[in-house]
Amino acid sequence: MDQKALRLLESRCIQEEPPACQCACPLHVDVRTFSRCMVQGLWEEAWKTLKKTMPFPGILGRICDAPCRDVCRRKEAGDAVEIGLLERACVHTPAPVQRMPVLPRKRQRVAAVGSALSSLTAAWDLARKGYNVTLLEPSDRMGVYLFEIPDEVLPRSVIETEMEALFVLGVETVCRFSLDWDALEEIRRRFDAVYLGLDGLTFWGECDTGEPWPDAALTRISGLEGFFTGGLALEGNSFSPVWRSAEGRWAATTIDRCLQGVSRTAGREKDRPYSSRLYTAMDDVSVLPAITPQDSVAGYTENEAVQEAGRCLQCECLECVKVCPYLKHFGGYPRKYAREIYNNDSIVMGSHKANRLINSCSLCGLCEVVCPENFAMQTLCLKARQDMVGKKRMPPSAHEFALMDMQFSNSDRFAMTRPDPETGIASHLFFPGCQLCASAPEQVRDVYAHLRRVLPLKSVGIMLGCCNAPAFWAGDDALFQKEFSALKEQWTALGCPQIIPACATCYQMFKCHLPEADVISLWQVLEGAGLPAGALPLKLSAPPAIHDPCTTRHEPEIHDSVRRLLNRLEQPFEELKGNRSHTACCGFGGLMQNANPELAGSVVRHLAHQHPADYVTYCAMCRDNLAASGKRALHLLDMIFPSPDEADPAGRRRPGWSQRRENRSWLKNILQQTLWKESPENMEPYENIALSVSPEVQQILENRRILISDIQRVIYHAEDSGQKLCHPDTGHFKAAFRLYNATFWVEYSISENGFTIHNAYSHRMEILRKGP
Amino acid sequence: MMNPKGTQPEDLVWECQACHVNLVEGPVTLMYMGNRITVDLPQCPRCGFVLVSEAVALGKMAEVEQALEDK
Ligand code: SF4
Ligand code: SF4
Ligand code: SF4
Ligand SMILES: [Zn+2]
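As the structure is a prediction and not an experimental result, all values here were calculated from the model.

Reading the values: the criteria
- Residues numbered from 1 in each chain as written.
- Chains lettered and ligands numbered in written order.
- Predicted model: local features only at pLDDT ≥ 70, side-chain atom pairs only at ≥ 80, totals over all residues.
- Heavy atoms only, no water.
- Helix = DSSP H or I, 4+ residues; strand = E, 2+ residues; numbered from the N terminus.
- Rg over C-alpha atoms; globule rule 2.2 N^0.38 Å.
- Buried < 20%, exposed > 50% of the residue type's maximum accessible area, 1.4 Å probe, protein only.
- Axes fitted to C-alpha atoms, helices over the stretch in contact; angles between N-to-C directions.
- Parallel < 35°, antiparallel > 145°, perpendicular 65-115°, else oblique.
- Left-handed = near helix turned anticlockwise from the far one by under 90°.
- Contact = heavy atoms within 4.5 Å.
- Nonpolar A, V, L, I, M, F, W, Y, C, P; charged D, E, K, R; others polar.
- Phe/Tyr/Trp six-rings, centres within 6.5 Å; stacked < 30°, edge-to-face > 60°.
- Lys NZ or Arg CZ within 6 Å of the ring centre and 35° of its normal.
- Pairing = 2+ DSSP bridges.
- Near = heavy atom within 4 Å.
- Buried area = accessible area lost by both parts, 1.4 Å probe.
- Polar contact = N/O pair within 3.5 Å; in protein donor to acceptor, adjacent residues only side chain to side chain.
- Donors = N, O, S within 2.8 Å, 3.2 Å for Na, K, Ca; no water.
- Salt bridge = Lys/Arg side-chain N within 4 Å of Asp/Glu carboxyl O.
- Domains from an automatic or database assignment.

Glancing now at the overall build of chain A. In terms of regular secondary structure, chain A is built from 33 helices and 19 strands. Against the globule reference of 28 Å for 772 residues, chain A gives a C-alpha radius of gyration of 37 Å, more extended than a compact globule. Across its three principal directions, the C-alpha atoms of chain A cover 115 × 70 × 50 Å. Burial status across chain A gives 56% buried among its 772 residues.

Next up, the structure:
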């Protein structure tokens, strides 16, 4: 990803867009932060927030007409937040002592004619930019109409204090400036720029163009170099104090740019009010009317202000973060993550802090669906993984276990492609997928038998193996291409039959990577071809809630088909709030479970808590992950092919990692023996080692992802080579063996008919033995 | 990088089954992702078989592995 791509991506996430109120405010006051400070009673902080963008908070805070209220999102659930009244309440508290940053003095001189809000603002801004500013007031008093505002709204003392700030900045003032053309031409010669604050200049002397004020002034000076005007607030309400002030600010910016010799307009699109791109969901916001001050003259009491500020929604988006525990876990949002991932990719030295962020996403795509701008975090993470693998920077531990599992599934221990055993042809190819075979091999056998019975022509083949999604998810494209083309070759050799995957992930892999194939989900096939006689609704205490696997997100036909199957089974069911295109991941997707098992645990619990009922789903991984989290969960096949031995399929435990491999091998052997009369695959010598493993140790192995076959290989090696340690007190042995990229340690003892396992663990570092 | 106290007294109770001697503490070079580090770990003084205890494997060693993976 280059800088430009990053910018583009960042701009897609609108979470950092200012809220509507701030965009609408001509001075762009950070109303949201201001309200947050007010709710917390942090008056000083609130003051400082105003002061950041507001030139004279003491004055404007009291008289602002709050055009921001027109766009406040609160209006959709009650009244707009009374931002003007809140500002008033804030500036009634003592102002914090604060030094305003000022740029170094420049040589250029600027005159501001008039001393109403626009001129005062222009003077303030220009003085802070380092210019020598002189205010020229035709009347005998600085501030003109500000003094006409009733004292209880804007006390004179406040005006005086605020104007003091100008003197502190070194602004000079001249009263009784005689406003006529000669005088203007004279000051034009003496100053580098002249600002005419039309909001404060009601007298124009003789008007030689015959036009009424202020058009006359505008006509007269238009095109004259060095003159700038503002203060009429023609776009806003012409009496709007905040518009008048802002016009002084915009003129000051233009003057500064002209005097610096840079573009007057570049990058100023957001000077004026604009509409916010920020999205804020209003669905769960309850209606609250505005707080009316008890004393309308004095305004809000502190208490009332706190209450009113509490109605501010603190507008933000975070739609994706609300639904994704992964996005929440890392404490940011996609815009921030995009930058972190970009930095991760571009640093050469130092810690790659975003590795875990990149590898923990389940690639489920829910963020893209809920985001108002369709930001796809999964695309970003997958691309980053591919880059990391390409640069040989992928942490080996992130995906290795899953990739080894994939390798197992694609080995002789499981992989097998056969046409129909009776006819030797294949017009259809059943692809049960490695995880369904790992979880429920008997059902796979039954499904295959059923398909051969109900589909015409006795030409249903079967392919056992992995769809290679793990390699794809790991970002290992080379591995994926290699394995997937092997799969494709076998499919082609069978005559390109229609593929019938049982698993939604396999379905996606075929659909995306084998577009020439005719792919149809098992559920659609069963719907068309009919259910077996034994298919039954289950005796559950309440109707189960249906969970759509995240890889079906964009497959409404599959969603419908599954629901029609349930109806046909006369099985009542409930819908989850997050269903179909809005379904949540079970934590398996994207290899989240490998890279971040703890997070995957909270992801599946998040899914399990959506509904109190048992779940019914149609992905073996979803079913097993839910079951492992303690949720009662069924696979749709539990209803269509109920097992006579399984009294309570919703309570069935998730088979462990070793069991999953055994189940796959069992399935292959049983199919080979019964359908093709082939003899089973040869066993490795270590597989004959008999182990006794207590449930506690079993759990340890499961958590540490240590397989029974790993342990057998360690013991085989130790007993064969004699290289092991012995504990004199317990008589236990301890041995190690390096397999793939880890060293496995096993503590065991020899028992009557085999070996008792007491403990096992592994590390990835390699021992080079000899010291330095 | 690794805790020099990689060896606990109970680790030295183990006896090398091939050489029939107790383990002693000594320097060992470990390697991961092209990085080598040297630490003291219990080992057989005769054949050099090194013991990585559960505490070391799942504690310090796992930490260092993680740090090297993210380097
Ligand atoms: S609710 Fe608060 S943040 Fe949102 S627009 Fe209104 S004042 Fe601004
Ligand atoms: S886990 Fe799913 S919803 Fe969350 S960021 Fe990744 S793809 Fe998006
Ligand atoms: S949904 Fe998420 S990615 Fe999309 S704009 Fe909102 S915060 Fe950003
Ligand atoms: Zn030895």
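The relative placement of two packed helices comes down to the angle between their axes together with the axis-to-axis distance. All names here are of chain A. Contact geometry of helix α7 (residues 117–128) with helix α11 (residues 241–260) gives a least axis separation of 7 Å together with a crossing angle of 40°. As summarised for this structure, α7 and α11 are arranged oblique, according to the angle between their axes. In the packing of α7 onto α11, the handedness of the crossing is right-handed. Side by side, α7 and α11 meet where L117, S118, T121, A122, D125 and L126 of the first sit next to P241, R244, S245, G248, R249, A252, I255 and D256 of the second. Each residue belonging to the contact of α7 with α11 can be placed in one class, and the counts come to six nonpolar, four polar and four charged.

Residue and element names in this part refer to chain A. Tallied over the full model, the rule gives 16 aromatic pairs over all chains. Every member of this aromatic cluster is reached through a ring pair, and the members are F431, F472, F480, F484 and F510. The aromatic ring of F191 is capped on one face by R109, whose charged end is 4.5 Å from the ring centroid. Over the face of the ring belonging to Y448 we find R452, whose NZ or CZ atom lies 5.9 Å from the ring centre.

All names here are of chain A. Ordered by their spatial adjacency, four strands build an open sheet running β11-β10-β12-β13, and the pairing between neighbours is parallel. Because the sheet does not close on itself, it has two edges, and the strands there are β11 (574–575) and β13 (633–635). Here strand β10 (residues 545–547) runs beside β11; their pairing, made up of two bridges, is parallel. Within the sheet, the bridge partner assigned to A545 lies in β11 and is E574.

So, on to the sheet that holds strand β19 (residues 766–767) of chain A. In a beta sheet, neighbouring strands are held together by backbone hydrogen bonds and run either parallel or antiparallel to one another. Taken together, three strands build an open sheet; the order of strands is β19(A)-β3(B)-β4(B) and the sheet is antiparallel. A strand with exactly one partner marks an edge of an open sheet, and here the two such strands are β19 of chain A together with β4 (35–43) of chain B. As judged from the nine bridges shared by strand β3 (residues 24–32) of chain B and β4(B), these two strands associate in the antiparallel manner. Its bridge partner lying in β4(B), M31(B) is registered against R36(B). Of the strands in this sheet, β3 and β4 of chain B are in contact with helix α2 (residues 60–69) of chain B, which crosses β3(B) at around 25°.

Further remarks concern the pairing of strand β17 (residues 742–751) of chain A. All names here are of chain A. Among the 10 residues of β17, eight are classified as buried, and the element is accordingly described as predominantly covered. In this structure, strand β16 (residues 733–739) lies alongside β17, joined through seven bridges in antiparallel fashion. Across the sheet, the residue bridging to F737 is F744, located in β17. Linkage of β16 to β17, two consecutive antiparallel strands, is achieved through a turn of two residues, within which Y740 is found at a positive phi near 35°. Of the pairings in the sheet, the one linking β17 to strand β18 (residues 754–763) comprises nine bridges and is antiparallel in character. Directly across from S751, in β18, lies its bridge partner G754. The antiparallel pairing of β17 with β18 creates a hairpin that spans two residues between the two strands.

With that out of the way, let us pick up the site of ligand 2. Around ligand 2, a shell composed of C324(A), Y326(A), L327(A), C361(A), S362(A), L363(A), C364(A), G365(A), L366(A), C367(A), M377(A) and Q378(A) is seen. Of the residues assigned to the shell around ligand 2, the class counts are nine nonpolar, three polar and no charged.

This next bit is on the interface of chain B and chain A. Contacts between the two partners involve 34 residues from chain B, matched on the other side by 34 residues from chain A. Both sides of the chain B and chain A interface together cover about 3100 Å² of buried area, and 63% of this is carbon and sulfur. Seen at the junction of chain B and chain A, the total is 13 residue pairs in polar contact (both at pLDDT 80 or more). Contributions of two or more residues to the side of chain B that touches chain A are made by β1 (15–16), β3, β4, α1 (54–58) and α2 of chain B. In this structure, strand β15 (residues 725–726) of chain A lies alongside β1(B), joined through two bridges in antiparallel fashion. Bridge pairing in β1(B) links L725(A) to C16(B).

So, about the coordination of the zinc ion (ligand 4). Residue and element names in this part refer to chain B. Distances from the zinc ion (ligand 4) to its protein donors, C16 (SG), C19 (SG), C44 (SG) and C47 (SG), fall within 2.2 to 2.3 Å. Sequence spacing among the residues donating to the zinc ion (ligand 4) works out to C-x2-C-x24-C-x2-C. Of this pair, C19 sits in the loop between β1 and β2 (21–22) while C47 sits in the loop between β4 and α1, and the two are 28 residues apart along the sequence.

Attention now goes to the pattern of salt bridges. Residue and element names in this part refer to chain A. This model, assessed by the stated rule, comprises 40 salt bridges over all chains. For R268, the salt bridge is made with D271, and the minimal N-O distance between the two is 2.7 Å. Close ionic contact of K511 with E555 constitutes a salt bridge, the shortest N to O distance being 2.7 Å. In this pair, K511 is assigned in helix α24 (residues 504–513) and E555 in the loop between β10 and α26 (556–568), connecting sequence segments 44 residues apart. Of the residues examined, K511 reaches a relative accessible area of 39% and is grouped as partly exposed. Exposure remark for E555: the relative accessible area of 5% places this residue in the buried category.

Around ligand 1, the neighbouring residues are C21(A), V31(A), R32(A), C72(A), R73(A), I83(A), C312(A), L313(A) and C315(A). Along the lines of polarity and charge, the residues of the shell around ligand 1 split into seven nonpolar, no polar and two charged.

Within helix α4 (residues 43–53) of chain A the residues assigned to the buried category are W43(A), A46(A), W47(A), T49(A), L50(A) and K51(A). Where the residues of α4(A) are buried, they touch α3 (31–39), α5 (57–63), α6 (83–91) and α12 (302–309) of chain A.

Right, let's talk about the domain arrangement of chain A for a bit. Residue and element names in this part refer to chain A. Domain annotation of chain A identifies domain 1 (18–95 + 296–309), domain 2 (109–260), domain 3 (319–390), domain 4 (400–530 + 657–665), domain 5 (545–651) and domain 6 (685–763). For domain 4 and domain 6, the distance between their C-alpha centres works out to 34 Å. Tallying the contact residues gives seven residues for domain 4 and nine residues for domain 6. If you look at where domain 4 meets domain 6, you find one salt bridge. In this structure, R413 and E687 form a salt bridge, with 3.0 Å as the shortest nitrogen-oxygen distance. Split by residue class, the side of domain 4 that touches domain 6 holds three nonpolar, one polar and three charged.

Bringing the packing of α4(A) against α6(A) into the picture now. Residues and elements named next belong to chain A. Remark: α4 packs on α6, axes separated minimally by 9 Å, with the N-to-C direction vectors making an angle of 115°. Here α4 and α6 pass one another in a crossing that is left-handed. Of the residues in α6, those in contact with W43, A46, W47 and L50 of α4 are E87, C90 and V91. In terms of residue class, the contact of α4 with α6 is built from six nonpolar, no polar and one charged.

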